[in-house]
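What follows is each chain in one-letter form.
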Amino acid sequence: MALAAEAFKQGQQLVDKNLRFLEEEARLHAIHHPRMATRNTERIKLRTLTLREYGRADGGIPTLVVAPYAGHTSVIADYYAGQSLVETLLANGVAHVLLTDWHSATEDMRDLEIDNYLADLCVVIDELGGLVNLVGLCQGGWISAMMAARFPDKVARLVLAGSPIDAGAGDGPLKQMVDRTPLSFYEDLVRTGGGLMRGSFMLQGWKNMHPDEHYFTEHVDLFQHIDDPIYVAKRETFAAWYETPIDLPGRWYLQAIRNIFKDNLLARGKYQALGKILDLKDISCPLYLLAGERDDITTPEQVLNAARLVGTPAAQITQRVVPGGHIGLFMGGRTLADVWPEIARWLVAP
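What you see is a predicted model, and the numbers here were worked out from it, not measured in a lab.

1. As for the packing of aromatic side chains
This structure, assessed with the given rule, holds 10 aromatic pairs. Between tryptophan 102 and tyrosine 117, the ring centres sit 5.7 Å apart and the planes meet at 50 degrees, which makes this aromatic pair tilted. One end of the pair, tryptophan 102, is in strand β4 (residues 96–102); the other, tyrosine 117, is in helix α3 (residues 114–127), and 15 residues separate them in sequence. With relative accessibility at 1%, the residue tyrosine 117 sits in the buried group.

2. Regarding the sheet that holds strand β12 (residues 317–322)
Taken in spatial order, the 8 strands of this open sheet run β1-β2-β4-β3-β5-β6-β11-β12, and their pairing is mixed. Two strands in the sheet have a free side with no partner beyond their single neighbour: β1 (41–45) and β12. Across the sheet, the axes of successive neighbouring strands diverge by a mean angle of 20 degrees, strand direction being ignored. Sheet topology note: the strand β2 (residues 49–55)/β4 ladder contains 7 bridges and is antiparallel. When the bridges of β4 are listed, arginine 52 appears paired with leucine 99. The strands touched by helix α4 (residues 139–150) are β3 (63–66), β5 (132–137) and β6 (155–161); relative to β5, the strand with the most contacts, the crossing angle is about 145 degrees. Its contacts with the sheet put helix α15 (residues 340–347) on β3, β5, β6, β11 (287–292) and β12, and the angle it makes with β6 is roughly 165 degrees.

3. Considerations on the pairing of β4
Counting buried residues in β4 gives 7 out of 7 residues, a clear majority hidden from the surface. Of the two faces of β4, the one holding His96, Leu98, Thr100 and Trp102 and the one holding Val97, Leu99 and Asp101 are both buried throughout. On the question of chirality, the crossover connecting β3 to the parallel β4 by way of helix α2 (residues 85–91) is right-handed.

Calculation notes
Within any chain, residue numbers begin from 1 and follow the written order of that chain's sequence. A pLDDT threshold of at least 70 governs which residues receive local features in this predicted model, and a stricter bar of 80 or more applies before side-chain atom pairs are shown or counted, although totals over entire chains, interfaces and linings include all residues. Calculated side-chain values reflect all of the structure's heavy atoms, with hydrogen atoms and water omitted. For Phe, Tyr and Trp, where Trp contributes only its six-membered ring, two rings pair if their centres lie within 6.5 Å, and the inter-plane angle classes them as stacked under 30 degrees, edge-to-face over 60, or tilted in between. Only DSSP runs of H or I reaching four residues or more are called helices, and only runs of E reaching two or more are called strands; each is numbered from the N terminus. Only protein chains enter the accessibility calculation, which uses a 1.4 Å probe. A residue is then buried if its area is under 20% of the maximum for its type, exposed if over 50%, and partly exposed in between. In this description, strands pair whenever DSSP reports at least two bridges between them. Axis definition: a line fitted to C-alpha atoms, limited for helices to the stretch in contact. Angles are taken between N-to-C directions and run from 0 to 180 degrees. A contact between two residues is defined here by any heavy atoms of the two lying within 4.5 Å. Crossover handedness is defined by viewing with both strands directed away from the observer: a clockwise path from the first strand over the helix to the second marks the crossover as right-handed.

Next up, the structure:
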């Protein structure tokens with residue numbers, strides 16, 4: 001009787017654990033509304049972005065973090081209390097931080113071009129006094145490099161983190177995919193999305209790059225840790241960001257695929273922005289290049305090759321390759337603790 005009672009108890013515990021697991025899986029994949037972790041105010045709101053302001057407006061040259069615009073929200077830069085790039089900058093001497101909180105594209109935005117986004121960034125920089133430090137993350141990096149090349153007098157210092165400046169370099173998985181996939185495929189995706197590149201399409205693509213992790217390992221890990229409230233809370237925070245993609249204007253997206261990633265026009269000095277052919281040699285401000293050793297989205301050479309493309313003297317260029325992959329560059333606990341404090345001090349150095 002004792003054995004039977006214990007077996008029943010263990011069976012019931014397993015049933016209860018399975019139910020908690022299924023409930024949590026449903027919660028993780030529900031519609032979320034990810035929010036910035038650090039207290040901020042809305043400085044201005046434009047068609048393409050809301051400018052989030054942190055810290056003191058009298059804190060010297062403003063530091064503008066240009067978040068990726070690649071299918072996920074800008075929460076990647078202000079992710080979690082104790083695990084936030086914005087919070088790290090503020091805690092290490094950067095008194096005035098601003099963040100581009102990109103809007104999900106609506107149907108009336110489907111024909112917006114890269115120039116429209118650059119024009120709005122010009123408005124942002126002028127709103128901040130006409131001179132900023134730019135911190136470009138991933139896709140926000142090539143946008144920042146464009147700004148620094150087109151308007152070098154508006155940029156005091158430039159950080160490019162995981163940014164594909166020389167998109168034709170290396171042989172990473174993303175480059176291979178773009179090279180072998182005809183432009184017509186991307187055009188069909190935009191057409192299917194009603195003129196938009198749907199975030200849900202991109203999310204599926206990112207997951208398919210690591211199917212074992214997203215379709216198997218993460219579910220096993222959740223089941224094993226379903227009784228750990230700290231683990232579950234962190235998974236929910238990550239899912240609120242990762243599982244809630246945003247849409248991009250179809251024209252913007254196709255320009256990026258064709259001109260930046262397929263034809264590599266920016267690195268080749270043939271990209272035209274706001275009426276002028278951009279020459280990266282016009283970038284002469286101090287430059288900090290940060291790459292991930294195992295980054296399969298933006299391989300290190302795509303970032304570091306910027307050192308020979310810009311006009312900044314070699315003595316004013318810092319290059320650093322850190323352990324880890326792509327997302328870890330912006331929200332990884334180790335990189336935030338070991339690297340970004342150094343970048344913060346570099347940003348405010350005389």
